[in-house]
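A closer look at the structure
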Amino acid sequence: MQEHEEIVRAENLKKTFTLSKKQQKIERTGERRRVAVDGLTFSAYRGEIYGLLGPNGAGKTTTLRMLSTLIRPDAGDAFLCGHSIVKEPQRVRDVIGFMTSDLKLEGFFTPDYLFDFFGAMHGVEKAALAARKRELFSRFGIDQFAGVQVKNLSTGMLQKVSLVISIVHDPEIVIFDEPTNGLDVITAKTVTDFLEELRRMGKSIILSTHIFSLVEKLCDRVGILLNGKLAAEGALETVAQGDLERTFFALYEGKGGTL
Amino acid sequence: MKFLALIKKEFYRFFHDPRLIVTMLLPGIVIFLLYSVLGEEFNREEEARQYRVYLVGDSAAAEAIADAAKENGDGVEWLYTDDASAAREEVRDGKASALLVFSENFDASPAGHVDIVYDASDETSTAFYSLAAAVLNIYGMRFTVTAESVTGAEALGMQVLCNILPLLIVVFVFSACMSVTLESVAGEKERGTLATVLVTSAKRSHIALGKIFPLACISMLGALSSFLGTALSMPKFMGLSLNMLGTYGFWNYFLILLLIMSVVPLIVSLIAVVSAYSKSVKEASAYTGMLMILSLVLTLVAVFVPALGNWTVAIPVLNAVVAMQGLLAGALPVWQSLVSVGVNLALTAVFVFVMTMMLSDERIMFGK
Ligand SMILES: Nc1ncnc2c1ncn2[C@@H]1O[C@H](COP(=O)(O)OP(=O)(O)O)[C@@H](O)[C@H]1O
Ligand SMILES: [Mg+2]
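Position numbers for residues start from 1 in each chain and track the written sequence from start to end. A letter from A marks each chain and a number from 1 marks each ligand, given out in the order of writing. In keeping with the predicted nature of the model, local features appear solely for residues at pLDDT of at least 70, side-chain atom pairs appear and are counted solely at 80 or more, and the whole-chain, interface and lining totals rest on all residues. Calculated side-chain values reflect all of the structure's heavy atoms, with hydrogen atoms and water omitted.

1. Digging into the overall build of chain A
- The helix and strand inventory of chain A stands at ten helices and ten strands.
- Two things to know: the radius of gyration comes from C-alpha atoms, and the globule rule equals 2.2 Å times the number of residues to the power 0.38. Rg of the C-alpha trace for chain A: 19 Å, near the compact-globule value of 18 Å for 259 residues, within the 12% margin.
- Based on the C-alpha atoms only, the size of chain A along its principal axes is roughly 55 × 45 × 40 Å.
- Exposed residues in this analysis have more than 50% of their type's maximum accessible area, buried residues have under 20%, and partly exposed residues fall in between, with area computed by a 1.4 Å probe over protein chains only. The 259 residues of chain A split such that 52% are buried.
- A separation of at least 24 residues holds for 67% of the contacts in chain A among residues at least 6 apart in sequence.
- Total accessible area on chain A stands at roughly 11800 Å², and carbon and sulfur atoms take up 49% of it. Elements are defined by DSSP. Helices are runs of H or I of four residues or more, strands are runs of E of two residues or more, and each kind is numbered from the N terminus. Whether two residues touch is decided by their heavy atoms; if any such pair falls within 4.5 Å, the residues are in contact. In short, Shrake-Rupley with a 1.4 Å probe defines the accessible areas, and a residue's cover is counted only from the protein chains shown.

2. Some remarks on the pairing of strand 4 (residues 113-118) of chain B
Residues and elements named next belong to chain B.
- Among the six residues in strand 4, five count as buried, and that is most of the element.
- DSSP bridges decide pairing: two strands pair if at least two such bridges lie between them. One ladder, built from five bridges, connects strand 3 (residues 98-102) with strand 4; its direction is antiparallel. Residue pairing in the sheet places Leu-100 in a bridge with Ile-116 of strand 4.

3. Topic: the site of ligand 1
Residues and elements named next belong to chain A.
- Put simply, a residue is near a molecule or strand once any heavy atom of it comes within 4 Å of that molecule or strand. With respect to spatial proximity, 16 residues lie near ligand 1, and among them Arg-34, Gly-57, Lys-60, Thr-61 and Thr-62 are the closest.
- Gly-59 has a polar backbone atom sitting 3.0 Å from an oxygen atom of ligand 1.
- In this structure, Thr-61 approaches ligand 1 through a side-chain N or O atom, which is 2.6 Å from an oxygen atom.
- Its free accessible area being 560 Å², ligand 1 has 86% of it covered by the protein chains.
- Going through the elements one at a time, strand 2 (33-45) and helix 2 (60-67) are the ones with two or more residues in the shell around ligand 1.
- Considering each element in turn, the shell around ligand 1 owes the most residues, three residues, to helix 2.
- Residue classes follow a fixed rule: Ala, Val, Leu, Ile, Met, Phe, Trp, Tyr, Cys and Pro count as nonpolar, while Asp, Glu, Lys and Arg count as charged, and any other residue, Gly among them, counts as polar. A breakdown of the residues in the shell around ligand 1 according to their chemical character gives six nonpolar, six polar and four charged. We call two N or O atoms a polar contact when they sit within 3.5 Å, provided that within protein one can donate a hydrogen and the other can accept it, with sequence-adjacent residues counted only if both atoms are side-chain atoms.

4. A look at a negative patch on the surface
Residues and elements named next belong to chain B.
- By definition, no residue in a patch forms a salt bridge, and every one has over 30% relative accessible area; like charges are joined within 9 Å, nonpolar side chains (Val, Leu, Ile, Met, Phe, Trp, Tyr) within 5 Å. Each reported salt bridge corresponds to a side-chain nitrogen of Lys or Arg within 4 Å of a carboxyl oxygen of Asp or Glu. In this tally, Asp and Glu contribute negative charge and Lys and Arg positive charge; neither His nor the terminal groups of the chain are included. Every charge is mapped to an atom, namely NZ of Lys, CZ of Arg, CG of Asp or CD of Glu. Among the surface-exposed residues, Asp-58, Glu-63, Asp-67, Glu-71 and Asp-107 lie close enough to one another that they form a single negatively charged patch.
- Structurally, the position occupied by Asp-107 is in the loop between strand 3 and strand 4.
- The partly exposed category is assigned to Asp-107, whose relative accessible area is 37%.

5. Some thoughts on the pairing of strand 8 (residues 204-209) of chain A
Residues and elements named next belong to chain A.
- Of all the six residues making up strand 8, six are buried; the element is thus mostly covered by neighbouring parts of the structure.
- Of the two faces of strand 8, both are covered, the one formed by Ser-204, Ile-206 and Ser-208 as well as the one formed by Ile-205, Leu-207 and Thr-209.
- Here strand 3 (residues 49-53) runs beside strand 8; their pairing, made up of five bridges, is parallel. Pairing of Leu-52 across the sheet is with Ser-208, part of strand 8.
- Where strand 7 (residues 173-177) meets strand 8, five bridges bridge the pair, whose relative direction is parallel.

6. Section: the packing of helix 4 (residues 111-121) of chain A against helix 6 (residues 155-166) of chain A
Residue and element names in this part refer to chain A.
- Running from amino to carboxyl end, helix 4 crosses helix 6 at an angle of 20°, the nearest separation of the two axes being 10 Å. When the axes of helix 4 and helix 6 are compared, the pair comes out roughly parallel. Where helix 4 crosses over helix 6, the two elements pack in a sense that is right-handed. Every residue of helix 6 that contacts helix 4 at Pro-111, Leu-114, Phe-115 and Phe-118 is listed here: Val-161, Val-164 and Ile-165.
- Residues that form the contact of helix 4 with helix 6 fall into these classes: seven nonpolar, no polar and no charged. Every axis in this analysis is a line fitted to C-alpha atoms, fitted for helices over the stretch in contact. Angles between the N-to-C directions lie between 0 and 180 degrees. Just so you know how the angles are binned, under 35 degrees is roughly parallel, over 145 roughly antiparallel, 65 to 115 roughly perpendicular, and the rest oblique. If you view the pair so one helix is near and one far, a crossing is left-handed when the near helix is turned anticlockwise from the far one by less than a right angle, and right-handed when it is turned clockwise.

7. Looking at the interface of chain A and chain B
- Contact with chain A, which involves 26 residues of that partner, is made by 27 residues of chain B.
- The term buried area means the drop in 1.4 Å probe accessible area that two parts suffer when joined, counted for both and summed. Of the roughly 2600 Å² buried where chain A meets chain B, counting both sides, 65% is carbon and sulfur surface.
- The three residues of chain A that bury the most area against chain B are Glu106(A), Phe108(A) and Met121(A), which together make up 25% of that side's buried surface.
- Seen at the junction of chain A and chain B, the total is three salt bridges.
- Put simply, Lys15(A) and Glu362(B) hold a salt bridge, and the shortest N to O gap is 2.5 Å.
- Seen at the junction of chain A and chain B, the total is seven residue pairs in polar contact (both at pLDDT 80 or more).
- For the side of chain A that touches chain B, the secondary structure elements donating two or more residues are helix 3 (89-95) and helix 4 of chain A.
- Looking at the side of chain A that touches chain B residue by residue, the classes come out as 13 nonpolar, five polar and eight charged.

8. So, empty space enclosed by the protein
- In this analysis, the protein atoms alone were mapped onto a 1 Å grid. Cavities are point sets where a 1.4 Å probe fits without being able to get out; pockets are open sets with protein on both sides within 12 Å along at least five of seven lines; lining residues have an atom within 4 Å of a point. Grid points are joined across faces, edges and corners, and a volume is the space filled by probe spheres set on the points. Overall, the coordinates contain five cavities of 30 Å³ or more when judged by the stated rule.
- Its boundaries defined by the atoms lining it, the largest cavity holds a volume of some 200 Å³.
- Residue lining of the largest cavity: 17 residues in total, with Phe98(A), Ile165(A), Ser166(A), Thr196(B) and Val199(B) positioned closest to the centre.
- Mapped onto the lining of the largest cavity, the elements with two or more residues apiece are strand 6 (96-99) and helix 6 of chain A.
- In the lining of the largest cavity, the residues fall into nine nonpolar, eight polar and no charged.

Here is the structure:
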């Protein structure tokens, strides 16, 4: 495996939303348009974890949704394993696994059924799928729960099942929006262990978070996202300059942010 | 393979949820039991009825009526007469049950006419009327039937039921489609499980059809159950034995089935489109409720306005209702039925396409 092989390249990604009347009211704003992501350019490398760090509303979710082809950029493009998110969204979907709390599993079905279903949805061959299920279910301790309806699983187990199903097709790239948000400490640990495990398996990960410690613990590279723009980007040590939190707030105030 | 997996999932979910199966099949069973019990109650006799019926003219149909009466344990005494007005007097005075006036050469003429005079305020007379009307309705349609109640009020006859049956079918079809489609499309969107499928590389058209096709098959079960429940209990309700049903031709049943089979996917795809648009099951049910009222209005038009023109084939749902009315009355409007089926299926294809577009539209699927 080549060292430092570029696997994700985002080029000048832009996304503007038109705000609904209801949304304008909720956010107490008269503006009709909201620039959520404003010209993002960055690269992520094979076998590394890339973190997008930013406060609420910075545009993290929007960026990751563009990378996962759920929404289209207004301008710019991104290449995942060389596939353009604009021109070949279908190819991109086959090389990524997307994890976010917005994507749910139907409570009626069992992990066993859903694994097979999503495997088929990604076109994984039957024999390969069965082998992968055996391997992943035992590695993450899902075995005994494989036949339990998802609605009856504990939060921790459900999280594990979601994680495993998002990588059913052995994607090269895993995109993860706010991996530990809303999770209790035990489940959060499961998730971070899972991400480190994925990295050991040679996968590349892009995650978003607003938690400094998570970036410090996991990430090889980090991009600081403020108001839809990257305020700093690079290897963790270079960006952090010894103290990630202090650097972040310096940048934040420098961009006119108030505490 | 992806398409197959999508279809299998919908079926799996249905056939492994006893609650859903019951929701689908119960209406038909309830209707059958209800109508049968009601019919039994209405038509129960301590003693056998003996109808005294005046006949002006004659027809083999009279024999068929007598046979039907005999099967219910009743008897008919035919009184041949030429004096219709005297017979009418006797019906009004309760001395005779009814008067049947057959047009001349009834059995031989291509467009005969029969008039039934009865008394809606008299139990026996009304019973004879519904029996005769039902038999005549099924007997053949090359003649027209007019009925007149000597005391004003009209009894509910087979004719009315033939008109109302399509309306009942529309209601059943709609509720069957609604009960599975709202849950499966709007429910999945609201709960975020549809989004999980959208991140896979499955084609959006496959995802759309992978919902609509199995849901239509499942709804068909519900619609058929309701239809069978109604059709099987109706003769009993009317005081006829079940084998009267056999007098409708095979093609009548075939076309009715075909019409129902064209309305089901149409309504499923329509509800699917509405569900994909809505943010929640609640919102989707509100829209679907309006659509249901709309199709009921269409159907009511067909029930109360006789002889709508040929333009009705272009109006979905209404086209099926009008065609079914004809089929239930014994006619065989083949082209009208087939064109209606074609129109409904074409529109279904349009809705599948619209749903595909909606699944690809980020503002609809992921908008705030
Ligand atoms: N679908 C949408 N419609 C309108 N505005 C949106 C939509 N999604 C996000 N936004 C707006 O874009 C901005 C960035 O949002 P988001 O990407 O969710 O930020 P983050 O994930 O960093 O909190 C916010 O101001 C948000 O209100
Ligand atoms: Mg977010």
